Amino acid sequence: MSQLLGAFSNGWAIDTAAPVDLNDTDKDYHPVFKAFLAGSFSGTFSTILFQPLDLVKTRLQNPSQHVVTAAVNGRIQPGMITIFVNIIRQEHIAGLWRGMVPSIARCVPGVGLYFSSLHWLKSKMGKNRQDLGALEAVTLGVVARAMSGVALIPITVIKTRYESGMYKYNSLTGALKSIYKAEGIRGLSCGLGPTLARDAPFSGLYLMFYTQSKQAIPKELLQTPASASMVHFSCGIIAGIAASLATNPADVLKTKMQLYPDKFPNAFSAAMYVHQTYGFRGYFKGAVPRMLRRTLMAAMAWTVFEEISRSIGLK
């Protein structure tokens, strides 16, 4: 991990092994801007690495179109592995990264906006992450994610549609123009409610579990470079699993509304459809790949963010 982080940092001319002289050019940058850069940088690698899980999650939540079942010993076996196999057969390995451009366009600035918003909010409260109580962590996480979620909802819509395979957009700009022409502003913001109901609570719960688990760790481990990264990553895994399961129903409703805006004009109609069609289990469609992606992605993003923050003197 330390070698990987060193390689990441070298791309930004940062030497993680040496102390940073804040009297150098680094002093000219505002802490919020540093937080944005560190957050965007940490989000890039996790977004690219875990995009296949997000693609599979979207298609699991839209089975009428892309879950092609496979007969094994006379029994129908739909599921995550089947979708992986079908994508590779029909679209080759590169198909697993379908929607990569809108994913990066959303996740990279989104993570940057989240971390910079979080840093700004904490500075206004005069606190750091170690000082946050459980309720304060939830509140800050919710507000920071809501700010970035509202700003990036058009890209979220495009990302979902790209991954579904139902819409044949040629480019990100072309998708924006096409949606605006056909559906107006409403089309570019469809599913905003469930998106915020998914992302804001996820971030709030994640930050609460993350900070509380870190506070339970002996400070000596956090101050030791050799163990700090592993501690951050482990705390991220624990926080991600709990937050992902709690917010999966909102993710299912968001997917339905963004893929079928005419059929599901609001979250209630989408919720009724899911319940009547699939029952309670329908709210947890795609939970496994989403949990894996969000947990690993968030854990990696926070781990890299913590390391880069320390390297550039943000902490």
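Residues numbered from 1 in each chain as written. Predicted model: local features only at pLDDT ≥ 70, side-chain atom pairs only at ≥ 80, totals over all residues. Heavy atoms only, no water.

1. Here we look at the environment of Ala-144
Here comes step 1: In this structure, Ala-144 sits in helix H6 (residues 134–151).
Here comes step 2: Linking Ala-144 and Ser-117, residues 27 residues apart in sequence, is a C-alpha distance of 5.3 Å.
Here comes step 3: With residues near it in sequence (within four places) discarded, Ala-144 still touches Tyr-114, Ser-117, Leu-118 and Leu-121. (Helix = DSSP H or I, 4+ residues; strand = E, 2+ residues; numbered from the N terminus. Contact = heavy atoms within 4.5 Å.)

2. Comments concerning a nonpolar patch on the surface
Here comes step 1: Residues Ile-48, Ile-88, Ile-93 and Trp-97 make up a contiguous nonpolar surface patch of about 330 Å² in total accessible area.
Here comes step 2: By secondary structure assignment, the location of Ile-93 is in the loop between helix H4 (80–91) and helix H5 (100–125). (Patch = residues over 30% accessible without salt bridge, like charges linked within 9 Å, V, L, I, M, F, W, Y side chains within 5 Å. Areas by Shrake-Rupley, 256 points an atom, 1.4 Å probe, with all protein chains shown as cover. Salt bridge = Lys/Arg side-chain N within 4 Å of Asp/Glu carboxyl O.)

3. A look at the packing of H5 against helix H9 (residues 192–215)
Here comes step 1: At their nearest, the axes of H5 and H9 sit 13 Å apart, and the two run at 50 degrees to each other. Here H5 lies oblique to H9, going by the angle between them. Crossing of H5 against H9: the hand is right-handed. Contacts from Arg-106, Tyr-114 and Leu-118 of H5 reach H9 at Arg-198, Asp-199, Ser-203 and Leu-207.
Here comes step 2: Counted by class, the contact of H5 with H9 contains three nonpolar, one polar and three charged residues. (Axes fitted to C-alpha atoms, helices over the stretch in contact; angles between N-to-C directions. Parallel < 35°, antiparallel > 145°, perpendicular 65-115°, else oblique. Left-handed = near helix turned anticlockwise from the far one by under 90°. Nonpolar A, V, L, I, M, F, W, Y, C, P; charged D, E, K, R; others polar.)

4. Structural notes on the nonpolar core
Here comes step 1: Core analysis: the biggest nonpolar cluster contains 37 residues, and Tyr-114, Leu-118, Tyr-206, Leu-207 and Trp-302 have the highest contact counts within it.
Here comes step 2: Breaking this core down by element, the ones donating at least two residues are helix H2 (31–60), H4, H5, H6, H9, helix H11 (225–259) and helix H13 (287–311).
Here comes step 3: With eight residues, the single largest contributor to this core is H13. (Core = buried A, V, L, I, M, F, W, Y, C linked by side-chain atoms within 4.5 Å. Buried < 20%, exposed > 50% of the residue type's maximum accessible area, 1.4 Å probe, protein only.)

5. Structural notes on unusual backbone geometry
Here comes step 1: Positive phi is not limited to glycine here, since His-92 has a value of about 65 degrees.
Here comes step 2: Among the secondary structure elements, His-92 is positioned in the loop between H4 and H5.

6. Brief notes about the packing of aromatic side chains
Here comes step 1: All told, the structure shown has nine aromatic pairs when counted by the stated rule.
Here comes step 2: Taken together, a centroid distance of 5.8 Å and an interplanar angle of 25 degrees make the contact between Phe-202 and Tyr-206 stacked. Of the two residues, Phe-202 and Tyr-206 are both situated in helix H9; the distance of four residues between them amounts to about one turn of the helix. Pair check on accessibility: Phe-202 and Tyr-206 agree, each one buried.
Here comes step 3: Taken together, a centroid distance of 6.3 Å and an interplanar angle of 80 degrees make the contact between Tyr-260 and Phe-264 edge-to-face. The pair formed by Tyr-260 and Phe-264 is uniform in burial state, with each residue classed as buried.
Here comes step 4: Pairwise contacts between aromatic rings join Tyr-260, Phe-264, Tyr-273 and Tyr-278 into one cluster.
Here comes step 5: The ring of Tyr-167 carries Arg-161 above its face, with NZ or CZ at 4.7 Å from the centroid.
Here comes step 6: Between Lys-285 and the ring centre of Tyr-278, over which it is positioned, the NZ or CZ distance is 4.5 Å. (Phe/Tyr/Trp six-rings, centres within 6.5 Å; stacked < 30°, edge-to-face > 60°. Lys NZ or Arg CZ within 6 Å of the ring centre and 35° of its normal.)

7. Considering the environment of Ile-104
Here comes step 1: Its location among the elements puts Ile-104 in helix H5.
Here comes step 2: Sequence separation between Ile-104 and Gln-51 is 53 residues; the distance between their C-alpha atoms is 9.4 Å.

8. Section: the confidence of the model for the chain
Here comes step 1: Summarising the model, the chain shows a mean pLDDT of 77, and 82% of its residues fall at 70 or more.
Here comes step 2: Mean pLDDT values over the elements of the chain span from 38, in helix H1 (residues 2–10), up to 94, in helix H12 (residues 267–278).
Here comes step 3: In the predicted structure, residues 1–27 sits below a pLDDT of 50 and forms 28 contacts with residues beyond four places in sequence or in another chain.
Here comes step 4: Within the model, pLDDT remains below 50 along residues 65–77, and this stretch shows 22 contacts once partners closer than five positions in the same chain are excluded. (pLDDT = per-residue confidence, 0-100.)

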